[in-house]
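So the chains spell out like this:
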Amino acid sequence: MRFPYKTVIILLTFLSVLYYGVMVGESLPSIPAQTYIAPGAVAIKSRETLYFVYEGALYSEQRSIEIEDLNYAAGLVKALTAGPSNHDYKSLFDLGVQVLSVDQIDNICYVNLSKDIDRIRTEPSEDLELYLWAVVNTLTERRDIDFVQFLVEGSPEERQIGSLSFSQALSFNDRFLYVKVRTATDAVRDFLDYVEAGRYDLAYGMLSEASRNNLDYSGFATFANRIRSDYDTEFYFSKRYEEYDEVYVRYVERYGDNELFNIWIEVWSVVREDNDIINII
């Protein structure tokens, strides 16, 4: 006797249709409105470099800013608009200019400014060009943005402000960046930091040529082990002489619950050698 395959198939089909009809007629549970979470904008935190104007130069600030919908360009401009952490710094938007839109296409960011830019008056020592470069450098710090194109009320313009042209896509410009002048105190601070970190090789490299001739690395390591400590250090003041500088470092050694402590001052001498590098005597 052959197995009735066709009969079984017809029966299963009938049961499936019957089950579907029952389920359609049955009301399914609904989600209460108060428990439903609508999809919204995705915001993340990102560590970025922002540039601002101060005393005729561009100063940078490292900031953690909020980025919505992965639109980094708009997030950066929004952070510039919010202003710097240092209240002495300024941005283009402190001068009354508004951003109408920020759009990124491939590696070019288009910043659409309001016509308020026509009425800007800056301090004599701070050209409008600096404020615009602060925007350019902030955006082009990101690897995915190579150029910035300024628009005014949605249109490109034939406008030249210093070395900056509105008709061109602009890339990062290091010409106006503030460069800190390295001081004798900076050199002593780095030297002591290397010693505390156990990087005697780097500290030894900061000695003057005469000091290295009089003290080999083994002898220096012995010296470094002796001065390496958990003392608190404060850079008291420095003096400049014709051929060298002196940096006065105050050490504080604390005992027990820190109510008792010992204070003393050591003087470090530094000299400028080839290429104006400051080294420890």
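Predicted model, so just to flag it, every value in this text is computed and none were measured.

Peer 1: Before we go on, may I ask you to explain the packing of aromatic side chains in this structure?
Peer 2: Two descriptors summarise a pair of aromatic rings, namely the distance from one centre to the other and the angle between the planes of the rings. This model, assessed by the stated rule, comprises 13 aromatic pairs. Plain terms: the ring middles of Tyr51 and Phe172 are 5.9 Å apart, the flat faces sit at 70 degrees to each other, and that makes the pair edge-to-face. Of this pair, Tyr51 sits in strand β1 (residues 43–54) while Phe172 sits in the loop between β7 (164–165) and α4 (184–196), and the two are 121 residues apart along the sequence. For Tyr51, a relative accessible area of 7% corresponds to the buried category. On the basis of relative accessibility, which here comes to 33%, the residue Phe172 falls in the partly exposed class. With a centroid separation of 5.6 Å and an interplanar angle of 45 degrees, the aromatic rings of Tyr54 and Tyr89 are classed as tilted. With Tyr54 in strand β1 and Tyr89 in the loop between α2 (72–82) and β3 (99–105), this pair connects stretches of sequence that are 35 residues apart. Residue class for Tyr54 comes out partly exposed when judged on its relative accessible area of 24%. Linked through ring pairs, Phe191, Tyr204, Tyr217, Phe220, Phe223 and Trp268 together constitute an aromatic cluster. Over the ring of Tyr72 we find Arg142, and its NZ or CZ is 3.8 Å from the ring centre.

Peer 1: Looking at this structure, I do not really get the confidence of the model for the protein chain. What am I missing?
Peer 2: Any segment with low pLDDT has predicted coordinates that should not be analysed in fine detail. Residues of the protein chain with pLDDT of at least 70 account for 80%, and the chain-wide mean is 82. The lowest-confidence element of the protein chain is helix α1 (residues 5–25), averaging 58 in pLDDT; the highest-confidence one is strand β4 (residues 108–113), averaging 95.

Peer 1: Looking at this model, I keep getting lost on the sheet that holds β4. Mind explaining?
Peer 2: The strand order β3-β4-β5 describes an open sheet built from three strands, whose pairing is mixed. Of all strands in the sheet, those with a lone pairing partner are β3 and β5 (147–152), marking the two edges. On average, each strand axis in the sheet is inclined to that of its neighbour by 20 degrees, with strand direction left out of account. Note that β3 and β4 share six bridges and pair antiparallel. For Ser101, the partnering residue across the bridge sits in β4 and is Asn112. Sheet strands touched by α2: β3 and β4. Its angle to β3, the strand with the most contacts, is close to 150 degrees. Lying over the sheet, helix α3 (residues 128–140) contacts β4 and β5, oriented at roughly 135 degrees with respect to β5.

Peer 1: Whenever I open this one, the layout of surface pockets confuses me. Can you help?
Peer 2: Empty space among the atoms becomes apparent when a probe as large as a water molecule is rolled across them. Of the volumes computed, that of the largest pocket is approximately 160 Å³. As for the largest pocket, its lining consists of Arg63, Ile65, Glu66, Glu68, Asn71, Ala74, Gly75, Lys78, Ala79 and Ala82. Where the lining of the largest pocket is concerned, the elements lending two or more residues are β2 (57–68) and α2. The element that contributes the greatest number of residues to the lining of the largest pocket is α2, accounting for five residues. Of the residues contributing to the lining of the largest pocket, the split by class is four nonpolar, two polar and four charged.

Peer 1: Would you mind showing me how to read a nonpolar patch on the surface here?
Peer 2: Taken together, the side chains of Tyr241, Tyr244 and Ile281 present a nonpolar region at the surface, about 280 Å² in accessible area. With respect to the secondary-structure elements, Tyr241 resides in the loop between β8 (232–240) and β9 (245–255).

Peer 1: Which parts of the structure should I look at to understand α3?
Peer 2: Residues three or four positions apart in an α-helix share a direction because the helix packs 3.6 residues into each turn. A rise of 1.5 Å per residue sets the reference length of α3, with its 13 residues, at 18 Å; its end C-alpha atoms lie 19 Å apart and thus fit the reference within 8%. Within α3, 13 of the 13 residues are buried, leaving the element largely enclosed by the surrounding structure.

Peer 1: Where do I start with the pattern of salt bridges in this structure?
Peer 2: Pairs can form between side chains of opposite charge whenever their charged atoms are close. Scanning the entire structure with this criterion turns up nine salt bridges. Residue Arg250 is joined to Glu234 by a salt bridge in which the shortest nitrogen-to-oxygen separation is 2.4 Å. Of the two residues, Arg250 sits in strand β9 while Glu234 sits in strand β8, which places them 16 residues apart along the sequence. Residue class for Arg250 comes out partly exposed when judged on its relative accessible area of 25%. Arg240 is the salt-bridge partner of Asp245, the closest N and O atoms lying 3.4 Å from each other.

Peer 1: How should helix α7 (residues 217–227) be read in this particular structure?
Peer 2: Listed in full, the buried residues belonging to α7 are Phe220, Ala221 and Ala224. Projected onto a plane normal to the axis of α7, the buried residues spread over an arc of 105 degrees and lie on a single side. Exposed residues pointing more than 90 degrees away from the buried face of α7 are listed as Ser218 and Arg226. The elements touched by buried residues of α7 are α4 and α5 (200–205).

What counts and how
Residues numbered from 1 in each chain as written. Predicted model: local features only at pLDDT ≥ 70, side-chain atom pairs only at ≥ 80, totals over all residues. Heavy atoms only, no water. Phe/Tyr/Trp six-rings, centres within 6.5 Å; stacked < 30°, edge-to-face > 60°. Helix = DSSP H or I, 4+ residues; strand = E, 2+ residues; numbered from the N terminus. Buried < 20%, exposed > 50% of the residue type's maximum accessible area, 1.4 Å probe, protein only. Lys NZ or Arg CZ within 6 Å of the ring centre and 35° of its normal. pLDDT = per-residue confidence, 0-100. Pairing = 2+ DSSP bridges. Axes fitted to C-alpha atoms, helices over the stretch in contact; angles between N-to-C directions. Contact = heavy atoms within 4.5 Å. 1 Å grid on protein atoms, 1.4 Å probe; cavity = no way out; pocket = protein on both sides within 12 Å on 5 of 7 lines; lining within 4 Å. Points joined across faces, edges and corners; volume = space filled by probe spheres on them. Nonpolar A, V, L, I, M, F, W, Y, C, P; charged D, E, K, R; others polar. Patch = residues over 30% accessible without salt bridge, like charges linked within 9 Å, V, L, I, M, F, W, Y side chains within 5 Å. Areas by Shrake-Rupley, 256 points an atom, 1.4 Å probe, with all protein chains shown as cover. Salt bridge = Lys/Arg side-chain N within 4 Å of Asp/Glu carboxyl O. Expected span 1.5 Å × (residues − 1). Arc of directions from axis to C-beta.

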